[in-house]
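Notes for the structure review
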Amino acid sequence: MEITRRRLLSALSAAGLMTVVPTGWAGAADAAADSARLLANTVEVFAGSAESNARPETAAKRAAIDKAARANLKSMDAAGPGELFAGLVLGTDEGRLNTAYKQLYEIALATRAPGAAPDLYGDEVVQRRVIDGLAWLHERYYGDQSKGYYGNWFYWEIGLSQFISKTLVLLADAVKAYRPDLLRTYVASMDAYLRNGTDGDVNLDSRFHTGANLADITTNRLLQGALLIADGGGAPDGEARIRKALTDQLTVFATIDPYALDHGVTDGYYADGSFIQHASVAYTGSYGKGLLTRVVQTLKILDGTGFAHGGELVPTVVGWVRNGFAPLIFEGWMMEIVKGRAVSRPDTGYTDVAIVVEAVVDLASLADDTAGADAGALKSYVKHIRATSRAALDPSSFVSPVSITRYADITGDASVPAEDLNPASRTVAFNSMDRTVHRRPGYAFALARSSSRISKYEYMSGENLMPWFQGDGAYYLYLSGQDQTQAYGVDYFTAVSPYALSGVTAPVEERRTVPELYGKPYYDNPGHPLNFTSSSESQNRYVYFPCGTGPHSGGAVLGAYGAAAMVQSDDVPYRDKQKGILPDDFVVYRNATSTKSWFLFDDEIVVLAADVGDAAGRAVTTTVDSRTAAPDDLTTVTGALRDGRPWTGPGTGDLHWLRYANTTRGTSLGYVFLDTPRVRVSLDEVTRSRRVVRTSNPDTAVTRRVLGVTVDHAAGAEPACLAYALVPNAAAAALRSYTRHDGPLTVHANTPRLQAVTHKGLGLTAANTFTPGRHETAGLRVEGPASVLVRRGRRHGDPTTVAVADPTTQRDTVSVLLHGRPLSRVAADPQVRVTRVPGGTRLDVDTRHAYGRSFTVTLRQGLSSGSGPASPA
């Protein structure tokens, strides 16, 4: 069950905001009992319990806790003058200060984790060393706020407070007995560092206090409130802090309505499953993952206390998993299209999914006692990921030992079937974040678009150094059974040219990274009216994650089929530099041009591209595909020319079809060139360091064999058109069938105004229109820009189904005429009006404030006409 934003806020409004946060204040005794339970829950989450830590499944986790604590104690013993840990120089690097607090936390954790380090468990001497370390850091590097807050704001408002708060929870009794002043001293300092807040507290109007960041901050404050209550004499202050933190965090559960924003915030989950952070970045696989983890941890921490009725929020989080995460996870791998700058990190998509699995495991335990939350489906999904992942999931990477035992119980329960939360065949239009996912047994296709609403890419802090085209129709085609680290991940972006990402049209030029341009990880110009500093809004808008300048990016979904479209645009920095808004030394780059459609069928992804070229007259390349393989993999490239002669690559030719096979991995992919200029096929061995994509990556050399399938457009050439199909897992005989006159695919139009295809085998016609006015194709008339799918029954009396969407998100109504015998409505979304007109059937679809959503209607001959309420399907 999904709770929409309006439903949630309506429910809260009806009973007051305290539907989840109780209205009545607890008495001193109840507050003390609840805070004690909250603190005990927190210790159990991170340190485990005697029961969980006695089980063999947690042995590796306990060993890791023990190892970290001993290494940190050894480093403390070896520290020189002015050091807390040997060699860790503090005072100018906020990341090192964070490391110091992290290492203290790891020592404290070992003293509270049963069975992890028996000689450290409960050791008051070690605990006092940690407390002394906290006091030492506060006195020298944290307590003076006039000297703090250098570098990245995140550490001062979130990161440092996380380790400080958790350490104080772990050692609450010891702190109270040994340094009773330390808790309130630290709480006051943590409040003071919330500089993007108001009066030392959260500010919901701040762009820094949103989404995953807000969940982190409020969880820290929740723990601080419980500590204040437990400290004695602080019950009113502590309960008020908890109540405010929970009320603030509650806002992250609300589905974002882009037409009625709360506090102007666009960060969070949307009705179509999208997740956005940093105002415009598609981010489910990084910040969204962090938010999922944090809110599930908070629900566990609150369990059994009287501070909140957390169970009422569980169905919402289950909806995030089902509709936001599950479509983006393929055989245990998190798709690249939702990871932002994290695509450049050496952690893999399998590591990302392990973090999600821990949250799902714990969510299932919470859902067991929650009406409307399907705990069984969550447990089956955990087993599905374990069964399909190409990499073994290591539960010792989980944060909580208790989660490890829950995972073992689920995977060891023979009565729990392994089942996906989504059907094997599904197309998902995440139009709120300009992403499309198309899944079939055997493969998944993931497409990254951009627009004036959604960023073209994310670069920040020396991460994702060459991101320029990642939102310009770049796609990732995951083949079943393959270890995706051999196909994608950081090594894909390392080995493949940033100008030759799969699906991208790019000008032939050399761009420079931000550090190359400005000598530091950001553009520094605080004296300019736009105030360019490391975390300013101008830095975000023009450097870190610029949006495009065109509104057309979206698509429609009909059942398990889909269409997507995008008009490639310049980014905001290029536009504003031409207006004279930006400084003279600020470097911008002009984009190439293209109008593209992706039509998503069962066995094919059909790609149409028109207006492919460059208004500045530069040469342009369009990359049909770039695929990577290990250098010793056995790969072959075969195909046929349009005159029927066989072709064996690499080389350039007038190709009709092409097949790339990796025999070592047991994968193959076909390309059918329906109407495409000469194709250049390359197969090169590339070696680069992972540092070319992220400055802090290890200087690890990556060698990959890279297949490039490219169409070149000469400088000064007229705009070109391309039409081709990607055919996953195709045999040569299947590819040859597309070249016959009776093949399944027909391209009706491929222009900057209209692109349309029919799949005869499916009886499905898909059209994207891009300009105002009337568009006629394949028995359809479409008014203005739209995305339309029509599936006609093969036999007389079979229904016709239609889906319509507005890819600009700006239209009030989209009208479509189906030529032929008049049809009557069988079932429809209430936004669809059906009218019989001379020569056919007219559909008027109310798309106002739909934000790209698809609306569907089922029609049939021989029924009475009318446009009233739909009859049951």
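Residues numbered from 1 in each chain as written. Predicted model: local features only at pLDDT ≥ 70, side-chain atom pairs only at ≥ 80, totals over all residues. Heavy atoms only, no water.

With that settled, consider the sheet that holds strand E35 (residues 855–860). Where strands meet in a sheet, backbone hydrogen bonds hold them as pairs that are either parallel or antiparallel. Ordered by their spatial adjacency, 7 strands build an open sheet running E24-E25-E26-E29-E30-E35-E32, and the pairing between neighbours is antiparallel. Each edge of the open sheet carries a strand with a single partner, namely strand E24 (745–750) and strand E32 (824–828). Here the average twist between neighbouring strands, direction ignored, is 15°. (Pairing = 2+ DSSP bridges. Helix = DSSP H or I, 4+ residues; strand = E, 2+ residues; numbered from the N terminus. Axes fitted to C-alpha atoms, helices over the stretch in contact; angles between N-to-C directions.)

The biggest cluster of nonpolar side chains holds 217 residues, and the ones touching the most others in it are Tyr-101, Leu-137, Tyr-186, Leu-292, Phe-445, Leu-477 and Tyr-671. Of all the elements, helix H14 (residues 349–367) adds the most residues to this core, at 12 residues. Membership of the second largest hydrophobic core comes to 25 residues, among which are Ala-640, Val-727, Ala-803 and Ala-805. (Core = buried A, V, L, I, M, F, W, Y, C linked by side-chain atoms within 4.5 Å. Buried < 20%, exposed > 50% of the residue type's maximum accessible area, 1.4 Å probe, protein only.)

Turning our eyes to something else, we now look at the pairing of strand E22 (residues 701–713). Judged from the 9 bridges that link them, strand E15 (residues 620–629) and E22 form a sheet pairing that is antiparallel. Counted as the bridge partner of Thr-622 is Val-711 from E22. In this structure, strand E21 (residues 679–689) lies alongside E22, joined through 10 bridges in antiparallel fashion. By the bridge assignment for E22, Arg-680 is matched with Thr-710.

With that settled, the discussion passes to the packing of helix H5 (residues 94–112) against helix H6 (residues 124–142). Two quantities define a packed helix pair, namely the angle between the axes and the distance from one axis to the other. Where H5 contacts H6, the two axes come as close as 9 Å, and the packing angle between them is 165°. Between H5 and H6, the angle falls in the class roughly antiparallel. Seen from above, H5 lies across H6 with left-handed handedness. Residues Leu-97, Ala-100, Tyr-101, Leu-104, Ile-107, Ala-108, Thr-111 and Arg-112 of H5 form the contact with H6, whose participating residues are Val-126, Gln-127, Val-130, Gly-133, Leu-134, Leu-137, His-138, Tyr-141 and Tyr-142. (Parallel < 35°, antiparallel > 145°, perpendicular 65-115°, else oblique. Left-handed = near helix turned anticlockwise from the far one by under 90°. Contact = heavy atoms within 4.5 Å.)

Taken together, the 5 strands give an open sheet; going across it, the order is E10-E15-E22-E21-E18, and neighbouring strands pair in antiparallel fashion. Two strands in the sheet have a free side with no partner beyond their single neighbour: strand E10 (505–507) and strand E18 (651–653). Sheet twist, expressed as the mean angle between neighbouring strand axes with direction ignored, is 35°. Here 3 bridges tie E10 to E15, and the two strands are oriented antiparallel to one another.

Burial within helix H16 (residues 401–411) is extensive, with 9 of its 11 residues counted as buried. Three or more residues of H16 are buried, namely Pro-401, Val-402, Ser-403, Ile-404, Thr-405, Tyr-407, Ala-408, Ile-410 and Thr-411. Among the structural elements, helix H2 (28–47), helix H3 (50–53), helix H4 (59–77), helix H12 (284–302), H14 and helix H15 (375–388) are those in contact with the buried residues of H16. The opening residue of H16 is Ser-400, an N-cap whose side-chain oxygen sits 3.1 Å from the backbone nitrogen of Val-402. (Polar contact = N/O pair within 3.5 Å; in protein donor to acceptor, adjacent residues only side chain to side chain.)

Here we take up the pattern of salt bridges. Taken as a whole and assessed by the stated rule, the structure comprises 50 salt bridges. Note that Arg-690 is salt-bridged to Asp-491, the shortest N-O span being 2.8 Å. Here Asp-491 lies in helix H17 (residues 490–495) and Arg-690 lies in the loop between E21 and E22, a separation of 199 residues in the sequence. Residue Asp-491 is classed as buried on the basis of its relative accessible area, which comes to 8%. Between Lys-520 and Asp-524 there is a salt bridge, with the nearest N and O atoms lying 3.2 Å from each other. (Salt bridge = Lys/Arg side-chain N within 4 Å of Asp/Glu carboxyl O.)

So, about helix H10 (residues 211–231). In this model, H10 (21 residues) spans 30 Å end to end at C-alpha, consistent with the 30 Å of a helix rising 1.5 Å per residue. Of all 21 residues making up H10, 20 are buried, and the element is well covered by its neighbours. (Expected span 1.5 Å × (residues − 1).)

In this section: the packing of helix H7 (residues 153–170) against helix H9 (residues 182–192). Across the interface, H7 lies against H9 with an axial gap of 11 Å and an inter-helix angle of 160°. Put simply, H7 runs roughly antiparallel to H9. Both H7 and H9 take part in a crossing whose hand is left-handed. In this structure, H7 contributes Ser-161, Ile-164, Ser-165 and Leu-168 to the contact, and H9 contributes Leu-183, Tyr-186 and Met-190. Along the lines of polarity and charge, the residues of the contact of H7 with H9 split into 5 nonpolar, 2 polar and no charged. (Nonpolar A, V, L, I, M, F, W, Y, C, P; charged D, E, K, R; others polar.)

Now for the environment of Thr-765. Checked against the element boundaries, Thr-765 lands in strand E26 (residues 764–769). When near neighbours in sequence (up to four residues on either side) are disregarded, Thr-765 contacts Val-757, Thr-758, Ala-778, Leu-780, Val-788, Leu-789 and Val-790. Of the polar contacts made by the side chain of Thr-765, one reaches the side chain of Thr-758; its length is 2.7 Å.

Moving on: the packing of aromatic side chains. Here the structure, examined in full by the defined rule, presents 41 aromatic pairs. Look at Tyr-259 and Tyr-851: their rings are 5.7 Å apart centre to centre, the planes differ by 85°, and that puts the pair in the edge-to-face class. On the criterion of sequence distance, the pair formed by Tyr-259 in the loop between helix H11 (235–250) and strand E1 (268–269) and Tyr-851 in the loop between strand E34 (840–846) and E35 is long-range, its members being 592 residues apart. For Tyr-851, a relative accessible area of 18% corresponds to the buried category. Put simply, the rings of Tyr-101, Tyr-142, Tyr-149, Tyr-150, Trp-156, Tyr-186 and Tyr-193 touch in pairs and so form one group of aromatic residues. (Phe/Tyr/Trp six-rings, centres within 6.5 Å; stacked < 30°, edge-to-face > 60°.)

What follows deals with the confidence of the model for the chain. Of all residues in the chain, 96% have pLDDT values of 70 or greater, and the mean over the chain is 94. Ignoring residues within four places in sequence, the model shows residues 1–18, a span with pLDDT below 50, making 35 contacts including any to other chains. For residues 865–873, every residue scores under 50 in pLDDT, and the model assigns this stretch 18 contacts once sequence neighbours within four places are set aside. (pLDDT = per-residue confidence, 0-100.)

The subject of this paragraph is the pairing of strand E14 (residues 605–613). In terms of burial, E14 is a largely internal element, 8 of the 9 residues being buried. For strand E13 (residues 593–600) and E14, the ladder comprises 7 bridges, and the chain directions are antiparallel. When the bridges of E14 are listed, Ser-597 appears paired with Leu-608. Adjacent in sequence and paired antiparallel, E13 and E14 are bridged by 4 residues.

Checked against the element boundaries, Asp-434 lands in the loop between strand E6 (426–430) and strand E7 (435–440). In this structure the side chain of Asp-434 is engaged in a polar contact, spanning 3.4 Å, whose partner is the side chain of Ser-553. Once residues within four sequence positions are removed from consideration, Asp-434 is found in contact with Leu-447, Ala-448, Arg-449, Ser-450, Ser-451, Arg-453, Ile-454 and Ser-553.

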